[in-house]
Amino acid sequence: MNTKLSKWIGTTIVGMSLLSTTGYAQNTITVNPTIQCYLGETTSELDRGKYMQAHIWFGEKEDQDFEAFKNEYNISSEYKGSRRFWSPLSTVKNWKRPKVKNKFNGERKVQPYSVITGRATNFFYDRSVDYSEADVAEYSKDLAAYIAERFKKDWVEMPSIYEPYNEPMVHAKDLYPGKGKKDKSDKAIIKISESLRDIGQAIHAVPELKNMKVAGYASAWPAFEVGDFNVWDTRYRTFIDIAGKDMDILSVHLYDGKGLNNSGGRRSGSNAEAILDLIEAYSYISLGEVKPIAITEYGRLVDDQPGWTAKNGKSNYHPIENSQAVRSQMHLAMGFMERGDNIVCAIPFSTGKQSPTKKFAKAGLWTKGENGGWELTSRKYFFEVLKDVKGNRVHIGSDNVDIQTQAFVDGKQLYVILNNLNEETQTLNLAIDELKGLKKVETKRIKTYVNQLPELIKETSKKAPSTIDIAYGETIILTYNFSKSLPTKKKEYSTKYYASEYLKPIKANEASTFKFQNVLADAKGSAVLRLGVGRDHGKSLQPVVTVNGQKVTLPEDVIRGYDQHNRGKFFGLLEIPVPAEYLKSGENEVSITFPDSNGRISSAVLKVIGFSKKNS
């Protein structure tokens, strides 16, 4: 939790107890490259395709700049882009549907990691109709059947993910004539959810489409805490209740910057974690399973240039403004990588080639250079981070909640990624086990500044650094090169357990109890309690926590990132280390008591790391 003063944490968090850390100073990063890590029971290898994406689409079009981009950043030659606003629904005009041709037979193959998205206005097309009141049940089912038929028989560009609507709920008020009223918006949201249900059912009824997954609802404004979680209740919860079981994937958009009931606020850090945990927790409670999540847009919302309008011919691209998204993209991507077993794709909103006078030229991955040719913008640095990283996850721990970490081993290389959410520069102690046979360490730094262009710095040393400074928003990639392949000596498994209750009101000195079933405890492992909390500013974020009757000592800082002072209220995740010996196999009970009333505990998740598979 970064305020103007850095906070140092005196208690280790998840993973630290797996190593001997008694002699290490605070602010320590511990890595053991011989302990292979699994998210769940099967996910260990870094799936580069999930993260090396952009909000672009080239399809079969030959483009030398795109091919050079893929070659430079080790992106699959088969990659054609990530997201496109084009689907069978987009071809329907005023309920006039193009004829379906019988071009294809049998099971349809899909383009890996690709997403196609439609717009709700293609469904609710008649501007004279009040869709909050109109009976569209039959129309919805007919259109869903048409969409499925087109995908089956004649749609050429088959995506791996079909997202019928882009950000429909935030624009629900646009779906009927006249000024927006909340009661009408809420009714329109129900109609949208029912349409998504119908589309999901229609596609799932066609065996030939089994490779294509249906995602929704592409939430644009997951400020779930607003109105005592009324935004959650009337939007995402309503959608899950109506359409959740017919969705393969739940999708959401996460942005730093304007448009978040604040000016310049951030979702990256604790807020994004609380949003995703709430979606997962309610999926578990309502559907009996944790549905996978697709982040179909994320990053930072950057400003239009002064004086620019859509048709005045002025440039809407500024290199420094464009670059600000790199910091946010890395903050968020590091969190998504921690969820690699439940994230199916994560698409940073960096757009493709478009004239500098266009709206989203400001977010471009390419811009026009002085010679008139296309050149990559500073958003290329996002891809620079993961350019060479590959392999299996290995153990890494941090005793600073603001330092995000990832570590991977591929043969003779150990890759360590560090990212700083703290507003102050941090000095980190690097404790790397198993350095025998080390030949050299390559250090790559990517610094995103507020008032100047980003900087890429590369260094090489024959010795492993014992300490390293990392500035706010900086990402560091350390590549340790060994003379021999690193062996796997142990395997550890990270498992999340979800409570059966959520959105519990916080009352002063009154305990809220959560139970976690079928836990596999391991006294040699570690654990963290993840509490989503929505509260007014100034209210306590340091509850009394007991696990199976034993009191847990909280670190001073349990909030990833900043304190959300420029948001309407605090909605974020408290990450509380739990001594592994407090847990038991089977049912575990956690009690949470705050000293003051206000707000809610939005979700409770127990993350346990141990050395045995749950189902072994």
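Check the entry above for the structure.
Caption draft 1: Examining the sheet that holds strand 8 (residues 343-348) more closely. Reading across the sheet, the 7 strands line up as 2-3-4-5-6-7-8 and stay open at both edges, with parallel pairing between neighbours. Sheet topology places strand 2 (83-84) and strand 8 at the edges, where each strand pairs with a single neighbour. Bridge analysis of strand 2 against strand 3 (residues 111-117) gives 2 bridges, and the strand direction is parallel. Of the residues in strand 3, the one forming a bridge with Arg-84 is Ile-116. Across the sheet, helix 8 (residues 319-338) lies against strand 6 (249-257), strand 7 (293-301) and strand 8, angled at about 150° from strand 7, the strand it touches most.

Caption draft 2: Representation of the sheet that holds strand 23 (residues 544-547) within the structure. With respect to topology, 4 strands assemble into an open sheet ordered 21-26-23-24, the strand pairing being antiparallel. Across the chains shown, the open sheet's two edge strands, defined by having one partner strand only, are strand 21 (512-519) and strand 24 (550-552). The mean inter-strand angle of the sheet, taken between neighbouring strand axes irrespective of direction, is 25°. For strand 21 and strand 26 (residues 586-593), the ladder comprises 6 bridges, and the chain directions are antiparallel. Across the sheet, residue Phe-516 finds its bridge partner in strand 26, namely Asn-588.

Caption draft 3: Representation of empty space enclosed by the protein. Scanning the entire structure with this criterion turns up 2 cavities of 30 Å³ or more. Roughly 40 Å³ of volume is contained in the second largest cavity. Lining the second largest cavity are Ser-268, Gly-269, Ala-272, Glu-273, Leu-276, His-331, Leu-332, Gly-335, Phe-336 and Gln-404. Only helix 7 (270-287) and helix 8 provide two or more residues apiece to the lining of the second largest cavity.

Caption draft 4: Spatial organisation of the packing of helix 4 (residues 137-153) against helix 5 (residues 182-204). Relative orientation of the contacting elements helix 4 and helix 5 amounts to 40°, with a least axis distance of 8 Å. The orientation of helix 4 relative to helix 5 falls into the category oblique. Helix-helix and strand crossings are classified by hand; for helix 4 and helix 5 the assignment is right-handed. Every residue of helix 5 that contacts helix 4 at Ala-137, Ser-140, Lys-141, Ala-144, Ala-145, Ile-147, Ala-148 and Phe-151 is listed here: Glu-194, Ser-195, Arg-197, Asp-198, Ile-199, Ala-202 and Ile-203. Class assignment of the residues belonging to the contact of helix 4 with helix 5 gives a composition of 9 nonpolar, 2 polar and 4 charged.

Caption draft 5: Quick peek at helix 4. Taking 1.5 Å per residue as the helical rise, helix 4 with its 17 residues ought to reach 24 Å, and the 25 Å between its terminal C-alpha atoms agrees with that figure. Taken together, the buried positions of helix 4 are occupied by Tyr-139, Ser-140, Leu-143, Ala-144, Tyr-146, Ile-147, Ala-148, Arg-150 and Phe-151. Where helix 4 is buried, its residues contact strand 3, helix 3 (120-123), strand 4 (159-163) and helix 5.

Caption draft 6: Inspection of the nonpolar core at higher detail. Ranked by internal contacts, the top residues of the largest apolar core, which has 94 residues, are Phe-151, Trp-232, Phe-239 and Ile-295. If we ignore the near neighbours within four places in the chain, the residues touching Ile-295 are Val-252, Leu-254, Leu-276, Phe-336, Ile-343, Cys-345, Ala-346 and Ile-347. Grouped together as the second largest cluster of nonpolar side chains are 30 residues, Phe-514, Leu-531, Val-545 and Leu-606 included.

Caption draft 7: Up close: the side chain of Arg-339. By the secondary structure assignment, Arg-339 is in the loop between helix 8 and strand 8. Side-chain polar atoms of Arg-339 contact the side chain of Glu-273, separated by 3.0 Å. Once residues within four sequence positions are removed from consideration, Arg-339 is found in contact with Leu-39, Glu-273, Leu-276, Asp-277, Glu-280, Lys-496 and Arg-530.

Caption draft 8: The arrangement of the layout of surface pockets in detail. Taken as a whole, the largest pocket encloses approximately 700 Å³ of empty space. If you go around the largest pocket, you meet 26 residues; those closest to its centre are His-55, Phe-85, Phe-349, Thr-351 and Phe-360. Considering only residue class, the lining of the largest pocket consists of 10 nonpolar, 6 polar and 10 charged.

Caption draft 9: Quick peek at unusual backbone geometry. Of note, the amide linkage connecting Gly-216 to Tyr-217 takes the cis form, showing an omega dihedral of 0°. Position of Tyr-217 relative to the elements: it lies in strand 5 (residues 213-219). The backbone of Asn-509 shows a phi angle near 60°, a positive value even though the residue is not glycine. Position of Asn-509 among the secondary structure elements: in the loop between strand 20 (504-505) and strand 21. Given a relative accessible area of 62%, Asn-509 falls into the exposed group. The backbone of Asn-548 sits at a positive phi, close to 50°, despite the residue not being glycine. Here Asn-548 lies in the loop between strand 23 and strand 24. On the accessibility criterion, Asn-548 (24% relative accessible area) is partly exposed.

Caption draft 10: Region of interest: the pairing of strand 4. By the criterion of burial, strand 4 is predominantly enclosed, with 5 of the 5 residues buried. As judged from the 4 bridges shared by strand 3 and strand 4, these two strands associate in the parallel manner. In the sheet register, Ile-116 faces strand 4, and the bridge partner there is Tyr-162. Summarising the sheet, strand 4 and strand 5 pair through 2 bridges and their orientation is parallel. Across the sheet, the residue bridging to Ile-161 is Lys-213, located in strand 5.

Caption draft 11: Examining the packing of aromatic side chains more closely. Going through the model one piece at a time under the given rule, you end up with 33 aromatic pairs. Aromatic side chains Phe-66 and Tyr-79 sit 6.0 Å apart centroid to centroid with 50° between the ring planes, which places their arrangement in the tilted category. Of this pair, Phe-66 sits in helix 2 (residues 64-72) while Tyr-79 sits in the loop between helix 2 and strand 2, and the two are 13 residues apart along the sequence. By relative accessible area, Tyr-79 is classed as buried at 9%. Their ring planes at 70° and their centres at 4.5 Å tell us that Phe-123 and Phe-124 sit as a pair that is edge-to-face. Its relative accessible area of 1% is what places Phe-123 among the buried residues. Classification of Phe-124 by relative accessible area gives buried; the value is 0%. Three or more aromatic residues link up through ring pairs in this structure, and these residues are Phe-58, Phe-66, Phe-69, Tyr-73, Tyr-79, Trp-366, Phe-382 and Phe-383. Positioned above the aromatic ring of Trp-95, the side-chain terminus of Arg-97 is 4.2 Å from the ring centre.

Caption draft 12: Spatial organisation of the pattern of salt bridges. Going through the model one piece at a time under the given rule, you end up with 45 salt bridges. With a shortest N-O distance of 3.1 Å, Arg-560 and Glu-338 are connected by a salt bridge. In this pair, Arg-560 is assigned in the loop between strand 24 and strand 25 (570-578) and Glu-338 in helix 8, connecting sequence segments 222 residues apart.

Rules used in this analysis
Residues numbered from 1 in each chain as written. Predicted model: local features only at pLDDT ≥ 70, side-chain atom pairs only at ≥ 80, totals over all residues. Heavy atoms only, no water. Pairing = 2+ DSSP bridges. Helix = DSSP H or I, 4+ residues; strand = E, 2+ residues; numbered from the N terminus. Contact = heavy atoms within 4.5 Å. Axes fitted to C-alpha atoms, helices over the stretch in contact; angles between N-to-C directions. 1 Å grid on protein atoms, 1.4 Å probe; cavity = no way out; pocket = protein on both sides within 12 Å on 5 of 7 lines; lining within 4 Å. Points joined across faces, edges and corners; volume = space filled by probe spheres on them. Parallel < 35°, antiparallel > 145°, perpendicular 65-115°, else oblique. Left-handed = near helix turned anticlockwise from the far one by under 90°. Nonpolar A, V, L, I, M, F, W, Y, C, P; charged D, E, K, R; others polar. Expected span 1.5 Å × (residues − 1). Buried < 20%, exposed > 50% of the residue type's maximum accessible area, 1.4 Å probe, protein only. Core = buried A, V, L, I, M, F, W, Y, C linked by side-chain atoms within 4.5 Å. Polar contact = N/O pair within 3.5 Å; in protein donor to acceptor, adjacent residues only side chain to side chain. Phe/Tyr/Trp six-rings, centres within 6.5 Å; stacked < 30°, edge-to-face > 60°. Lys NZ or Arg CZ within 6 Å of the ring centre and 35° of its normal. Salt bridge = Lys/Arg side-chain N within 4 Å of Asp/Glu carboxyl O.

In short, the description is geometric, and any link to function would need to be established separately.
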